[in-house]
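# Observations on the three-dimensional arrangement
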Amino acid sequence: MSLVLDPAAQDLLFREARTANAFTDEPVTEEQVQAIYDLVKFGPTAFNQTPMRVTLVRSPEARERLVAHMAEGNQAKTASAPLVAILSADNEFHEELPELLPHFPQAKDLFFAERPVREQSALMNAALQAAYFIVGVRAAGLAAGPMTGMDFAGIQKEFLDDDHSPLMVVNIGKPADDATPFPRSPRLAYEDVVTTV
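The following refers to the structure shown. Positions within a chain are numbered from 1, following the residues in the order the chain's sequence is written. Given that this is a predicted model, residues contribute local features only at a pLDDT of at least 70 and side-chain atom pairs are listed and counted only at 80 or more, while totals for whole chains, interfaces and linings are drawn from all residues. Side-chain figures throughout are based on the complete set of non-hydrogen atoms in the structure, without hydrogens or water.

On to the packing of helix 1 (residues 7-15) against helix 7 (residues 115-139). Geometry is summarised by axes, namely lines fitted to C-alpha atoms with helices restricted to the contacting stretch, and by angles between N-to-C directions that run from 0 to 180 degrees. By the criteria applied, helices consist of DSSP H or I runs no shorter than four residues and strands consist of E runs no shorter than two, each listed in order from the N terminus. Orientation of helix 1 relative to helix 7, taken along the N-to-C sense of each, is 130°, at an axis distance of 9 Å. By the angle between their directions, the pair helix 1 and helix 7 is classed as oblique. Handedness of the crossing formed by helix 1 with helix 7: right-handed. In this structure, helix 1 contributes Leu12, Leu13 and Phe14 to the contact, and helix 7 contributes Val135, Arg138 and Ala139. In terms of residue class, the contact of helix 1 with helix 7 is made up of five nonpolar, no polar and one charged. We call two directions roughly parallel when the angle between them is under 35 degrees, roughly antiparallel when it is over 145, roughly perpendicular when it lies between 65 and 115, and oblique otherwise. In this scheme the crossing of two helices becomes right-handed for a clockwise turn of the near helix relative to the far one and left-handed for an anticlockwise turn of less than a right angle. Here, two residues are considered to be in contact whenever any of their heavy atoms come within 4.5 Å of each other. Note on residue categories: nonpolar means Ala, Val, Leu, Ile, Met, Phe, Trp, Tyr, Cys or Pro, charged means Asp, Glu, Lys or Arg, and polar means any other residue, Gly included.

Spatial ordering of the open sheet is given by 1-2-4-3, a layout of four strands whose pairing is antiparallel. Each end of this open sheet is capped by a strand with a single partner; those strands are strand 1 (52-57) and strand 3 (143-147). Adjacent strand axes in the sheet meet at a mean angle of 30°, parallel and antiparallel pairs treated alike. Being paired, for any two strands, means DSSP has found at least two bridges between them. The pairing of strand 1 with strand 2 (residues 83-90) spans six bridges and is classified as antiparallel. If you follow Arg53 over to strand 2, its bridge partner there is Ser88. Across the sheet, helix 3 (residues 60-67) lies against strand 1, strand 2 and strand 4 (164-173), angled at about 65° from strand 2, the strand it touches most. In this fold helix 8 (residues 152-159) packs onto strand 2 and strand 4, with an angle of close to 90° to the strand it touches most, strand 4.

Given below as structure tokens:
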């Protein structure tokens with residue numbers, strides 16, 4: 001096989017991993033979340049920007065406020081997940097570029113002086129980081145349930161500010177026995193996706 005990653009790790013991260021809809025009661029610790037972030041922060045982004053922000057919803061009061069903004073089909077699983085994270089994009093990420101891109105600090109003003117340009121870049125690169133985050137959750141032996149069925153404006157108003165745009169909500173925990181009640185959905189074949197020119 002052409003991959004150097006151990007087959008068991010391939011299964012853990014991709015082939016056997018599933019989106020979870022139900023979880024056990026086992027808590028997700030702060031140490032686990034920090035280990036996930038400390039791994040996935042190395043995923044590549046444009047200009048080494050780091051626009052993704054993670055809001056951990058731990059208190060019962062905050063969870064109740066979040067559930068009210070979730071689509072009806074996502075409310076029960078969000079209410080019962082051991083941990084829920086709101087992933088958002090920081091549209092003022094450019095302020096950190098001189099530190100994150102020390103060999104090219106002028107990128108901050110050269111490319112990202114205008115807010116619409118920053119918003120587009122923040123959205124794309126935070127989405128990349130969100131994908132890394134989901135794989136990191138799997139690397140920790142946990143399951144993720146990412147969702148975009150929600151009131152984006154309501155979540156922004158309730159938990160964020162005008163400089164942060166919500167991307168998704170991710171339920172996190174050890175999957176329950178009935179976490180994935182449906183068979184895995186099909187995927188497109190290589191020849192349906194890849195073109196050589």
